[in-house]
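Residues per chain are reported as follows:
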Amino acid sequence: MGFFSVLALQGFLGLVNGVLSSFVVIFSGALLLYILIYNFRNHVARSFAALLACVSLTYFADLALFGVGDARSAVPWLRFQWVGIAFIPAVYLDFSNGLLITTGARSRMREVAVHVSYGLSAIL
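Attention in this report is confined to the structure presented alongside it. Only a predicted model underlies this, so the values are computations on that prediction, with no experimental measurement involved.

**Considering the packing of helix H1 (residues 6-38) against helix H2 (residues 43-64)**
As a packed pair, H1 and H2 sit with axes 9 Å apart at the nearest point and diverge in direction by 150 degrees. Between H1 and H2, the angle falls in the class roughly antiparallel. Handedness of the crossing formed by H1 with H2: left-handed. From H1, Asn17, Gly18, Ser21, Ser22, Val24, Val25, Ser28, Gly29, Leu31, Leu32, Ile35 and Leu36 reach across to H2, where they touch Ala45, Phe48, Ala49, Leu52, Ala53, Val55, Ser56, Tyr59, Phe60, Asp62 and Leu63. In terms of residue class, the contact of H1 with H2 is built from 15 nonpolar, 7 polar and 1 charged.

So this is what it looks like as structure tokens:
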């Protein structure tokens, strides 16, 4: 049994996952606060902030799952994580629509698709 035993490798990968998840939460949270403070009036910035909020929410719940000992107490955190996961496609569509509107390519059909995708995400 050397350094690369299964348990040692699993523990090391769990530590790396925790460190990277912490980095994502801290960095996206800081960028989210910066965007909300300095660029709140821009539609592209607001939709990118919503995308960062969904990513932060997802990874924060992932970090909280590190401290959970049993499956019963993990269920609320997993449901909380799915809120962020469910809204990421809708927010990403809103972000891409905002970028296209900025370039002058406005489409009523795309705006309807954004609203429908937000509704579907809320249902999920």
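**Considering the packing of aromatic side chains**
The way to describe two aromatic rings as a pair is by their centre distance and the angle between their planes. Across all of its chains, the model carries 6 aromatic pairs by this definition. Ring geometry for Phe48 against Phe95: centres 5.5 Å apart, planes inclined by 40 degrees, an arrangement best described as tilted. Of this pair, Phe48 sits in helix H2 while Phe95 sits in helix H3 (residues 71-102), and the two are 47 residues apart along the sequence. Aromatic side chains Tyr92 and Phe95 sit 6.4 Å apart centroid to centroid with 80 degrees between the ring planes, which places their arrangement in the edge-to-face category. In this pair, Tyr92 and Phe95 both sit in helix H3, 3 residues apart, roughly one turn of the helix. Residue Phe95 is classed as buried on the basis of its relative accessible area of 16%. Among the aromatic residues, those joined into a ring-pair cluster are Phe48, Tyr92 and Phe95.

Rules behind the numbers
- Here the residue numbers are simple positions, counted from 1 along each chain's written sequence.
- Totals for whole chains, interfaces and linings use all residues, but because this is a predicted model, local features are given only for residues with pLDDT of at least 70 and pairs of side-chain atoms are given and counted only at 80 or more.
- Note that water and hydrogens are dropped before the side-chain values are worked out from all heavy atoms of the structure.
- Axes, fitted as lines to C-alpha atoms, cover a helix only where it is in contact. Angles between the N-to-C directions of the axes lie from 0 to 180 degrees.
- By the criteria applied, helices consist of DSSP H or I runs no shorter than four residues and strands consist of E runs no shorter than two, each listed in order from the N terminus.
- Each angle is binned into one of four classes, with values under 35 degrees roughly parallel, values over 145 roughly antiparallel, values of 65 to 115 roughly perpendicular, and all other values oblique.
- Take the far helix as your reference; a near helix turned counterclockwise from it by less than a right angle gives a left-handed crossing, and one turned clockwise gives a right-handed crossing.
- Contacts are assigned to residue pairs that have any heavy atoms within 4.5 Å of one another.
- Residue polarity follows a fixed list, in which Ala, Val, Leu, Ile, Met, Phe, Trp, Tyr, Cys and Pro are nonpolar, Asp, Glu, Lys and Arg are charged, and the others, Gly among them, are polar.
- Note on aromatic pairs: the rings of Phe, Tyr and Trp (six-membered ring only in Trp) are paired at centre separations within 6.5 Å, and the planes decide the class, stacked below 30 degrees, edge-to-face beyond 60, tilted for the rest.
- Exposed residues in this analysis have more than 50% of their type's maximum accessible area, buried residues have under 20%, and partly exposed residues fall in between, with area computed by a 1.4 Å probe over protein chains only.

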